[in-house]
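Observations on the model geometry
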Amino acid sequence: MSNRMWGGRFATGPDAIMEEINASIGFDQKLWRQDIRASLAHAAMLGRTGILTSEDVQAITDGLKAVEAEIESGGFTFSRALEDIHMNVESRLRELIGPAAGRLHTARSRNDQVATDMRLWVRDTADLIDQQIADVQLALAGKAAEHAGSVMPGFTHLQSAQPVTFGHHLLAYVEMLARDRGRFADARRRMNECPLGAAALAGTSFPIDRHATAAALGFSRPTANSLDSVSDRDFALEMLSAASITAMHLSRFAEEIVLWTTPQFGFVRLSDKFTTGSSIMPQKRNPDAAELVRGKAGRVFGALQGLLTMMKGLPLTYSKDMQEDKEGVFDALQTLSLCLAAIGGMVRDMEPDTKAMRKAAGLGYATATDLADWLVRVLKMPFRDAHHVTGKLVGLASSRNVGLEKLSLEEMQAVEPAITEEVFAVLGVERSVKSRTSHGGTAPALVRREAARWLKSLRKEAAAD
């Protein structure tokens, strides 16, 4: 039988293969809240403009709320034969209230309907993700405040470079996540325009009030061009782009957690809450949560690439290809949400081994730069010359398999006669980090101040919500 929602144009029903490839209800039922919300706003506008009678509007409103309650309770049956969430809702509405249900679709199309529903879902999810990012920042800043003075090695090329503090390291991710929040907020501002009322592609001859529906749905304004309204998926692409960068940041931190929890590093310990064991090696404690965050970043990246590829060849306006936007967007943003929850949990759960980090900070001649800086600052030596002298001293210490601080003054003076006893004051890792007092540096006093600033800001924001 034909799908009665399509009207009289089709005499027979779709082939089973056509139904299989065409139906989207298996995944777009996720939009049911947004679909009903948008339909309620549309019906109210149709009543205010006199396009529908108040009786029809009341019947439609009551019916939509009944459908909403059915779906919420799990008592609603979704039908593949009705293709998508829009037809499923409308069909059930017709069963509940009769012919008045058919008037709901006046002055709109599935094209502007799905564009509106998707914007609402992406916007709702982006707001949740923003709160989750802020929560991870709060966890990181709190841990940073506790460990503002805990010395650890800083790395370049994954080689010991200069001593930093654990708190300073964690605050680096707070800054990254702040940029992520900025990208989500910027994308949200740009997407906050309502396509409803653009209809199929050309607008409508009915005297609708698009500003009213936009305001009712929390949008800043209606979209300005009906063709763009139904064919645009930039809002989803921007959110996926922001999500991809955030996922990349989470993956970098997850990789560090994986490294830090190895016996070779031993910097932090995760409890049983975020680790798993081995089926054959009883001693193992695997950081699977961190590894999965690292792995799931690829899913988020893939969704962005998939949507870009799908959109790149589409002429204006709507094509059925655009149905393929949903699964990737849904999966990517929900995956990111899960990863944020996991990272926040791990940050709060992790226990740093400050002794192990302090010991590692002294390896690899991490205070060599401090020595070079001392030669410049105290002996007024050109930095390139200081760099050369320091390299010779590092080579000497390495040949003897000792730290720089274990060289005698006489040995140092054999390389550079002007060196004095004062040089040993800069060769300890604690002194090194305390000396890094430039803006944004790792000096514990600066780290405490930055952690306190972030905690105050984030807690104030959380209280306001």
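Since the structure is predicted, the reported quantities are computational estimates derived from the model, not experimental observations. Residue numbers run consecutively from 1 along every chain, following the written order of its sequence. In view of the model being predicted, local features appear only for residues whose pLDDT reaches at least 70, and side-chain atom pairs are presented and counted only at 80 or more, with totals across whole chains, interfaces and linings using the full set of residues. Computation of side-chain values: all heavy atoms of the structure, hydrogens and water removed.

Let us now look at the overall build of the protein chain. Numbering of helices and strands runs from the N terminus; a helix is a DSSP stretch of H or I covering at least four residues, while a strand is a stretch of E covering at least two. Summing up its helical and strand segments, the protein chain has 18 helices and six strands in all. We take the radius of gyration over the C-alpha atoms and set the globule estimate at 2.2 Å times the residue count to the 0.38 power. Computed over the C-alpha atoms, the radius of gyration of the protein chain is 30 Å, more than 25% above the 23 Å expected from 2.2 N^0.38 for a compact globule of 465 residues. Each of the three principal axes of the protein chain carries a C-alpha extent, and together these read 100 × 50 × 45 Å. Buried residues in the protein chain amount to 48% of all 465 residues. We call two residues in contact when some of their heavy atoms are within 4.5 Å. Long-range pairs, those at least 24 residues apart, make up 74% of the contacts in the protein chain between residues at least 6 apart in sequence. Values of accessible area rely on a 1.4 Å probe in the Shrake-Rupley scheme; residue burial ignores everything except the protein chains shown. Accessible surface computed for the protein chain: about 22,100 Å², of which carbon and sulfur atoms make up 53%. The buried label goes to any residue with under 20% of its type's maximum accessible area, the exposed label to any with over 50%, and the partly exposed label to all in between, with areas taken from a 1.4 Å probe on protein chains only.

What follows is about a nonpolar patch on the surface. In this analysis, a patch consists of residues with relative accessible area above 30% that form no salt bridge, clustered at 9 Å for like charges and at 5 Å for the nonpolar side chains Val, Leu, Ile, Met, Phe, Trp and Tyr. Take a side-chain nitrogen of Lys or Arg and a carboxyl oxygen of Asp or Glu: if they are within 4 Å of each other, that pair is a salt bridge. On the surface, a cluster of nonpolar side chains totalling about 280 Å² of accessible area is made up of Leu201, Leu227 and Leu316. Within the secondary structure, Leu227 sits in helix α9 (residues 226-231). Using a relative accessible area of 34% as the deciding quantity, one classes Leu227 as partly exposed.

Right, let's talk about helix α18 (residues 444-464) for a bit. Relative to the 30 Å expected for 21 residues at 1.5 Å per residue, α18 spans 30 Å between its end C-alpha atoms, a close match to the ideal helical length. Residues of α18 that are buried make contact with α6 (110-146), β2 (159-165), α7 (166-191) and α17 (429-435). By definition here, a helix of n residues has an expected span of 1.5 Å times n minus one.

We now examine unusual backbone geometry. Here Leu316 and Thr317 are connected by a cis peptide whose omega angle stands at 5 degrees. Within the fold, Thr317 resides in the loop between α11 (288-311) and α12 (325-349). Its identity as a non-glycine residue notwithstanding, Glu83 has a phi of 70 degrees, on the positive side. A positive phi is found at Ala107, a non-glycine position, where the angle reads about 65 degrees. Mapping Ala107 onto the fold places it in the loop between α5 (85-97) and α6.

Attention now goes to the pairing of strand β1 (residues 151-156). One face of the sheet, then the other: side chains in a regular strand alternate in exactly this way. Here β1 pairs with β2 via six bridges, running antiparallel. In the sheet register, Pro153 faces β2, and the bridge partner there is Pro163. Taking the residues that link successive antiparallel strands as the turn, the β1-β2 hairpin has two residues, and the phi of His157 there is positive, at about 60 degrees. A pair of strands counts as paired when DSSP detects no fewer than two bridges linking them.

With that out of the way, let us pick up the packing of aromatic side chains. Pairing of aromatic rings covers Phe, Tyr and the six-membered ring of Trp, with a centre-to-centre limit of 6.5 Å; geometry is then stacked below 30 degrees between planes, edge-to-face above 60, and tilted otherwise. What the rule picks out here adds up to seven aromatic pairs. With 5.6 Å between their ring centres and 65 degrees between their planes, Phe166 and Trp260 make a pair best called edge-to-face. In this pair, Phe166 sits in helix α7 while Trp260 sits in helix α10 (residues 234-260), placing the two residues 94 residues apart along the sequence. Of the two residues, Phe166 and Trp260, both sit in the buried class. Joined through ring pairs, the aromatic side chains of Phe166, Tyr173, Phe253 and Trp260 make up one cluster. Geometrically, a lysine NZ or arginine CZ counts as sitting over a ring once it is within 6 Å of the ring centre and also within 35 degrees of the ring normal. Over the face of the ring belonging to Phe330 we find Lys30, whose NZ or CZ atom lies 5.7 Å from the ring centre. One residue, Arg123, lies across the ring of Phe219, its end atom 4.6 Å from the ring centre.

Looking now at the nonpolar core. Only buried residues count toward a nonpolar core, which is a set of Ala, Val, Leu, Ile, Met, Phe, Trp, Tyr and Cys residues joined through side-chain atoms within 4.5 Å. In terms of nonpolar packing, the biggest core is built from 96 residues, with Val122, Leu140, Phe184, Phe253, Val329, Ile343 and Met346 touching the most fellow members. Looking at this core element by element, the count peaks at 14 residues for α10. The next biggest cluster of nonpolar side chains, apart from the first, holds 19 residues, and it includes Leu371, Met381, Met412 and Ile419.

Let us look at the pattern of salt bridges. A complete count under the given rule lists 29 salt bridges for this structure. In this structure, the salt-bridge partner of Arg188 is Asp127, at a minimum N-O distance of 2.6 Å. In this pair, Arg188 sits in helix α7 while Asp127 sits in helix α6, placing the two residues 61 residues apart along the sequence. The shortest N-O distance in the salt bridge between Lys326 and Asp325 comes to 3.2 Å. Lys326 sits in the buried class, given a relative accessible area of 3%. Look at the salt bridges and you will find they share partners, linking Asp186, Arg189, Arg190 and Glu238 into a network.

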